[in-house]
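# Secondary and tertiary structure notes
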Amino acid sequence: MIGNSLPAGGPADVRTGLFEEHRPHLRAVAYRMLGSLSEAEDAVQEAWLRYDRTDTSEVENLGGWLTTVVGRVCLNLLRSRAQRREESLESRMPDPVLGREGVVDPEQEVLLADSVGLALMVVLESLSPAERVAFVLHDMFQVPFEEIAPLIEKTSAATRQLASRARRKVQGQAPAPDRDLARQRVAVDAFFAATRTGDLEALLSVLDPEVVLRADGDVGRIRQTVVLSGARTVASQAVLYRSLAPYVRPALINGAAGVVVIGANGKLVSIMAFTVVDGAIVAIDVLTDPEQLRALDVTAFED
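Residues numbered from 1 in each chain as written. Predicted model: local features only at pLDDT ≥ 70, side-chain atom pairs only at ≥ 80, totals over all residues. Heavy atoms only, no water.

## Let's talk about helix α6 (residues 129–140)
In this model α6 runs 16 Å from its N-terminal to its C-terminal C-alpha over 12 residues, within 8% of the 16 Å that 1.5 Å per residue would give. With 10 of 12 residues buried, α6 lies mostly within the body of the structure. Turning to α6, its buried residues are P129, A130, E131, R132, V133, A134, F135, V136, L137 and M140. Looking one or two places after α6, you find Q142, whose phi comes out positive at around 55°. (Helix = DSSP H or I, 4+ residues; strand = E, 2+ residues; numbered from the N terminus. Expected span 1.5 Å × (residues − 1). Buried < 20%, exposed > 50% of the residue type's maximum accessible area, 1.4 Å probe, protein only.)

Below you can see the structure in the form of structure tokens.
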């Protein structure tokens, strides 16, 4: 968490400046909470409105106070979203953060600190609102359980249990990827080289035996995440889509090696994020939702 700040008193421009110092951190918190870049921006803006109309002259740690405010805003959004999903059964993949290898983007570095891969964001989507808030605030931003508990209306002990339960889910379904980006890229390139030639055995050699592929898709009129498990199942599915291989372009997806697929018409077809552990692909997350894809800027990947 960002360290202490002086109380926010005085002229409006001073108060604004103090808030802006914390904005990148607050965006990072909100993105992990919500998995939506636009909703994260909305949550930060709501935090600004609450800050602007609150006397914070006695607040000793402005960064901590603002983090709590954003957490409360995000919790309300998560609860509302969960209720809507219960009614519609709709599911969505989290928004990816796109980048190019070798290109440093300071804003993205703050947003994606601590290796927040897309696979991790997918698992966070499966948590209950209270689990997600407890895990994100404590494990990712070191907020004490005593400060999180009032937020989710639980005791400190119950909050600790929620975070522990969420942690087990994350560790079981989103293992920490190799930190060596070059090693990640070798595995991803090998995957597509085998896909282009339809070489099933080569695909099997680069996939972890327990690999999981998650993709958003339409089931009737409902968007649901389709999950495939096992190297042979995933490899067989990949071979079916080798016609797309010529349109694959390397990209960083949430800071990890991945690809964007841009069709012959120049439109973004899909995004594929890979989790590579010990040189083998353990997870593939595929985003094809047209609405989410339209919101992404892929001009940096155009020829």
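## Some thoughts on the nonpolar core
Residues F19, M33, L124, V133 and L137 are the most contacted members of the largest nonpolar core, which totals 48 residues. For this core, the secondary-structure elements that each account for two or more residues are α1 (12–34), α2 (37–52), α3 (62–88), α5 (118–125), α6, α7 (145–152) and α8 (156–173). Examining the composition of this core, we find that nine residues originate from one element, α1, more than from any other. The residues contacting M33, other than those within four sequence positions of it, are G71, C74, L78, R132, V133, V136 and L137. If you look at the next biggest cluster of nonpolar residues, it comprises 27 residues, including L203, L207, V211 and A231. (Core = buried A, V, L, I, M, F, W, Y, C linked by side-chain atoms within 4.5 Å. Contact = heavy atoms within 4.5 Å.)

## Section: the pattern of salt bridges
Counted according to the given criterion, the structure contains 13 salt bridges. In this structure, the salt-bridge partner of E20 is R23, at a minimum N-O distance of 2.9 Å. Taken together, the residues span about one helical turn, with E20 and R23 both in helix α1 at a distance of three residues. A salt bridge links R53 to E46, with the shortest nitrogen-to-oxygen separation between them at 3.9 Å. Residues participating in the shared-partner salt-bridge network are E39, R81, E125 and R132. (Salt bridge = Lys/Arg side-chain N within 4 Å of Asp/Glu carboxyl O.)

## With respect to the packing of α1 against α2
Following both chains from N to C, one finds α1 and α2 inclined at 140°, their axes separated by 8 Å at the closest point. In terms of orientation, α1 lies oblique with respect to α2. Where α1 crosses over α2, the two elements pack in a sense that is right-handed. Seen from α1, the contacting residues are R15, T16, L18, F19, R23, L26, R27, A30, Y31 and L34; seen from α2, they are L37, E39, A40, E41, A43, V44, Q45, A47, W48, Y51 and D52. Here the residues of the contact of α1 with α2 are counted per class, giving 13 nonpolar, two polar and six charged. (Axes fitted to C-alpha atoms, helices over the stretch in contact; angles between N-to-C directions. Parallel < 35°, antiparallel > 145°, perpendicular 65-115°, else oblique. Left-handed = near helix turned anticlockwise from the far one by under 90°. Nonpolar A, V, L, I, M, F, W, Y, C, P; charged D, E, K, R; others polar.)

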